[in-house]
Amino acid sequence: MKLSFHGADRGVTGSCHMLECLNRRILVDCGLFQGSRELAEENAEAFDFDPAGIDYVLLTHAHLDHCGRLPLLAKRGFRGEVIATSATRELVRLVVIDAAHLQEEEARRLAYHNRRRGQDETAAPLYTILDALNCLDRFGRTAEYQQPLQLAPGLGATFFDAGHILGSASIRIEVSEGDRVRSVLFSGDIGNAGRPLLRAPSPPARADIVLMEATYGDRLHRSVSDSIAEFYDAISSAFARGGNVIIPTFALERAQELLYVLHQGIEQSRLPPAMQVFLDSPMAISATEIFARHEECLDPATARLFREGGDPFHLPNLHFARETADSIALNRVTGGAVIMAGSGMCTGGRIRHHLRHNLWRRESAVVFVGFAASGTIARQIIDGATHVRLFGEEIPVRCAIHTINGFSAHADQRELLEWHGRISGCERTFLVHGEEPAMKALAGHLKGWVEMPRSGEALEL
Ligand SMILES: [Zn+2]
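Below: a short report on this structure. For clarity, every value in this text was computed on a predicted model and none was experimentally measured.

Some details on the overall build of the chain
(1) Moving on: Each helix and strand counted, the chain has 14 helices and 22 strands in total.
(2) Moving on: Compactness check: the chain gives a C-alpha radius of gyration of 22 Å against a globular reference of 23 Å for 461 residues, within 12% of the reference.
(3) Moving on: Each of the 461 residues in the chain was classed as buried or not, and the buried ones make up 57%.
(4) Moving on: For the chain, restricting intrachain contacts to residue pairs at least 6 apart in sequence, the fraction spanning at least 24 positions comes to 74%.
(5) Moving on: Of the roughly 18,400 Å² of accessible surface on the chain, 49% is carried by carbon and sulfur atoms.
(6) Moving on: Taking the 48 positively charged and 58 negatively charged side chains of the chain as two groups, their mean positions are separated by 3 Å.

And the structure:
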């Protein structure tokens, strides 16, 4: 059995790992690199394996950094089967089409700029909406939590709830070797158990080899209740100053958790009921529909609420901005609004326009609720940049900046250690999906043989 690493090695984006055994090649995730220009260029480079030789892609979840290169893989010859949970499949569809749409827009914008400068260079998008649609044809079987699937004789895979986003999974690949079975567990992104709506992560009881994420391997989150109080405070003070609250987040899934928290804030009279909330995304759709279809991912209280016909996302003044014109109209809203738009790390998408209109205003606030990789605009702002470059302009950062890690979809150090501690029989642990300081801190606390592979590394197990 051979394990190789093709992304999110000593970094947090571009997740892609390969296991070769019993004459089959299995990829776990095929994510997009996000962050700096160099990383964006890396997406366009050839894969360091032959896409046509891959038999299966198992997807841990629908975040772009885990599924965003799937359209490229299919475009370059992959004809195997993609297997994911039903919620992941539904979300991936929206995520890759949205990504393709943004890339087409960006390519058109660049081509226009080039023409204006008298250059006739055209800019090709990384992939088009058609490519995104084509990769969806590769989806085959749907995985259910804890139900083993056969990939080939003697080769199986089982998905376990990772509690990270709707449909997220840790995936264990089981390989028969004579009369014993060896297993390799891919953690995917591990959830932060205290959050509302989703279930807590439930890893398998056993695995021989574990590949695990280390995003927050060096940090502890504040409690969810403290984070909620901080969030309500950030909103109330920005409104009192006459400003807006801008939240960079993908308009699906993570945004729904925030809608839930906003809904509770109004119910508990901690937020003004007249508050305007905008979900600014071409993919903005009713959260209720998507969550209600996936009871298998919900915590028992939320599942019960849906069964009884309740709507935990109901807000009296919730607006969806699907068209670009609706999004542009939001620029005229100068105060009293909560605006959520993607991307979460501000690497692209409509959020950049809202930042351009609000970052320089002392009365507004920007609230970060997710991890921001180094090199991204989000990270620059979090790290205290006084100016950031958006659309070729230097925008001063004068508004209030909040980073609320308790809302993070990722486990903190304590939860990562607890997750790992629940798996018995682990001989070797590989840390992936983390920046080096976080990995080193986590490695120092883990028991057994821990390695931090580099991209392109391959080893026989
Ligand atoms: Zn994720």
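Notes on the pattern of salt bridges
(1) Moving on: For the coordinates displayed, the defined rule picks out 24 salt bridges.
(2) Moving on: Glu 20 is the partner of Lys 2 in a salt bridge, and the nearest nitrogen-oxygen pair spans 4.0 Å. Taken as a pair, Lys 2 in strand S1 (residues 2-5) and Glu 20 in strand S2 (residues 17-21) lie far apart in primary sequence, 18 residues in all.
(3) Moving on: A salt bridge links Glu 295 to Arg 307; the shortest N-O distance between them is 2.6 Å. Linking Glu 295 in the loop between helix H8 (287-292) and helix H9 (300-307) with Arg 307 in helix H9, this pair joins segments that are twelve residues apart in sequence.
(4) Moving on: Through salt bridges with shared partners, a single network forms among Lys 2, Glu 20 and Arg 25.

Regarding the coordination of the zinc ion
(1) Moving on: Taken together, the protein donors to the zinc ion comprise His 61 (NE2), His 63 (ND1), His 164 (NE2) and Asp 189 (OD), at separations of 2.2 to 2.3 Å.
(2) Moving on: The site at the zinc ion holds four donor atoms, and with the angles between them running 92 to 165 degrees, its shape is irregular.
(3) Moving on: Here the donor residues of the zinc ion share one chain and are spaced in sequence as H-x1-H-x100-H-x24-D. Here Asp 189 lies in the loop between strand S10 (180-186) and strand S11 (209-213) and His 63 lies in the loop between strand S4 (56-58) and helix H2 (64-67), a separation of 126 residues in the sequence.
(4) Moving on: Classification of His 63 by relative accessible area gives partly exposed; the value is 23%.

Re helix H13 (residues 413-421)
(1) Moving on: Taken residue by residue, H13 has Gln 413, Glu 415, Leu 416, Trp 419 and His 420 as its buried positions. Down the axis of H13, the smallest arc covering the buried residues is 165 degrees, so these residues share one side. What points out from H13, more than 90 degrees from its buried face, is the exposed set Arg 414 and Gly 421.
(2) Moving on: Packing partners of the buried residues in H13 comprise strand S9 (169-177), S10, S11, strand S20 (428-432) and helix H14 (436-445).

Quick word on the packing of helix H4 (residues 86-116) against helix H5 (residues 129-136)
(1) Moving on: In contact at an axis separation of 8 Å, H4 and H5 are set at 160 degrees when each is read in the N-to-C sense. It follows that H4 is roughly antiparallel to H5 by the angle criterion. Handedness of the crossing formed by H4 with H5: right-handed. Contacts from Val 92, Arg 93, Val 96, Ile 97, Ala 100, His 101 and Glu 104 of H4 reach H5 at Ile 129, Ala 132, Leu 133 and Leu 136.
(2) Moving on: Of the residues belonging to the contact of H4 with H5, the class tally is eight nonpolar, one polar and two charged.

A few points about the packing of aromatic side chains
(1) Moving on: A complete count under the given rule lists seven aromatic pairs for this structure.
(2) Moving on: Each ring, one from Phe 5 and one from Phe 430, has its centre 5.6 Å from the other, and the planes form 50 degrees; the classification is tilted. Within this pair, whereas Phe 5 is found in strand S1, its partner Phe 430 is found in strand S20, the two being separated by 425 residues in sequence.
(3) Moving on: Relative to Phe 371, the ring of Tyr 216 has its centre 5.4 Å away and its plane inclined at 85 degrees; by these criteria the two rings are edge-to-face. Of this pair, Tyr 216 sits in the loop between S11 and helix H6 (224-240) while Phe 371 sits in the loop between strand S16 (365-368) and helix H12 (377-382), placing them 155 residues apart in sequence. Grouping residues by exposure puts Tyr 216 and Phe 371 together as buried.

Some details on the side chain of Ser 227
(1) Moving on: Turning to its location among the elements, Ser 227 is positioned in helix H6.
(2) Moving on: Residue classification places Ser 227 among the buried residues on the basis of a relative accessible area of 1%.
(3) Moving on: One polar contact links the side chain of Ser 227 to the main-chain carbonyl oxygen of Ser 223, over a distance of 2.8 Å.
(4) Moving on: Non-local contacts of Ser 227, meaning those with residues more than four positions away in its chain, are made with Arg 222, Ile 404, Gly 406 and Phe 407.

Overview of the sheet that holds S20
In sheet architecture, strand pairing relies on hydrogen bonds along the backbone and comes in two forms, parallel and antiparallel.
(1) Moving on: Ordered by their spatial adjacency, seven strands build an open sheet running S7-S8-S9-S10-S11-S20-S21, and the pairing between neighbours is mixed. The open sheet has two edge strands, strand S7 (149-152) and strand S21 (449-451), and neither has a second partner. Strand after strand, the sheet turns through a mean of 25 degrees between neighbouring axes, direction not considered.
(2) Moving on: Bridge count between S20 and S21: three bridges; the pairing is parallel. Within S21, the residue paired with Thr 429 across the bridge is Val 450.
(3) Moving on: Sheet contacts for H13: S9, S10, S11 and S20; angle to S11, the most-contacted strand, approximately 165 degrees.
(4) Moving on: Strands in contact with H14 are S11, S20 and S21; relative to S20, the strand with the most contacts, it is inclined by about 160 degrees.

Quick notes on the rules
Sequence order sets the numbering: in each chain, residues are counted from 1 along the sequence as written. Totals for whole chains, interfaces and linings use all residues, but because this is a predicted model, local features are given only for residues with pLDDT of at least 70 and pairs of side-chain atoms are given and counted only at 80 or more. The basis for the side-chain values is all heavy atoms of the structure; hydrogens and waters are excluded. Numbering of helices and strands runs from the N terminus; a helix is a DSSP stretch of H or I covering at least four residues, while a strand is a stretch of E covering at least two. Each radius of gyration is computed over the set of C-alpha atoms, and the globule rule expresses the reference value as 2.2 Å times the number of residues to the power 0.38. Partly exposed residues are those whose accessible area sits between 20% and 50% of the maximum for their type, while under 20% is buried and over 50% is exposed, using a 1.4 Å probe and protein chains only. We call two residues in contact when some of their heavy atoms are within 4.5 Å. For every accessible area listed, the method is Shrake-Rupley and the probe measures 1.4 Å; residues are considered covered only by the protein chains on display. In this tally Asp and Glu are treated as negative and Lys and Arg as positive; neither His nor the chain ends contributes. Where a charge lies is defined by one atom per residue type: Lys uses NZ, Arg uses CZ, Asp uses CG and Glu uses CD. Here, a salt bridge means any side-chain nitrogen of Lys or Arg that lies within 4 Å of a carboxyl oxygen of Asp or Glu. With water excluded from the atoms, a metal site may look incomplete; its donors are any N, O or S atoms within 2.8 Å, or within 3.2 Å for Na, K and Ca. Geometry is assigned from donor-metal-donor angles: four donors are tetrahedral when every angle falls between 85 and 135 degrees, four are square planar and six octahedral when opposite donors sit over 155 degrees apart with all other angles between 65 and 115, and any other arrangement is irregular. Here the arc refers to the directions that run from the helix axis out to each C-beta atom. Only C-alpha atoms enter the line fits that serve as axes; for helices the fit covers just the stretch in contact. Angles between N-to-C directions range over 0 to 180 degrees. Oblique is the label for any angle not under 35 degrees, not over 145, and not in the 65 to 115 range, which are roughly parallel, roughly antiparallel and roughly perpendicular in turn. Each crossing gets its handedness from the near helix: less than a right angle anticlockwise from the far helix is left-handed, clockwise is right-handed. Note on residue classes: Ala, Val, Leu, Ile, Met, Phe, Trp, Tyr, Cys and Pro are nonpolar, Asp, Glu, Lys and Arg are charged, and everything else, Gly too, is polar. For this analysis, a ring pair means two rings from Phe, Tyr or Trp (six-membered ring only for Trp) whose centres lie within 6.5 Å, classed as stacked if their planes differ by under 30 degrees, edge-to-face if by over 60, and tilted for the remaining angles. Whenever two N or O atoms come within 3.5 Å, that pair is a polar contact, provided that in protein one can donate a hydrogen and the other can accept it, and provided that, for residues adjacent in sequence, both atoms are side-chain atoms. The criterion for strand pairing is that DSSP finds at least two bridges linking the strands in question.

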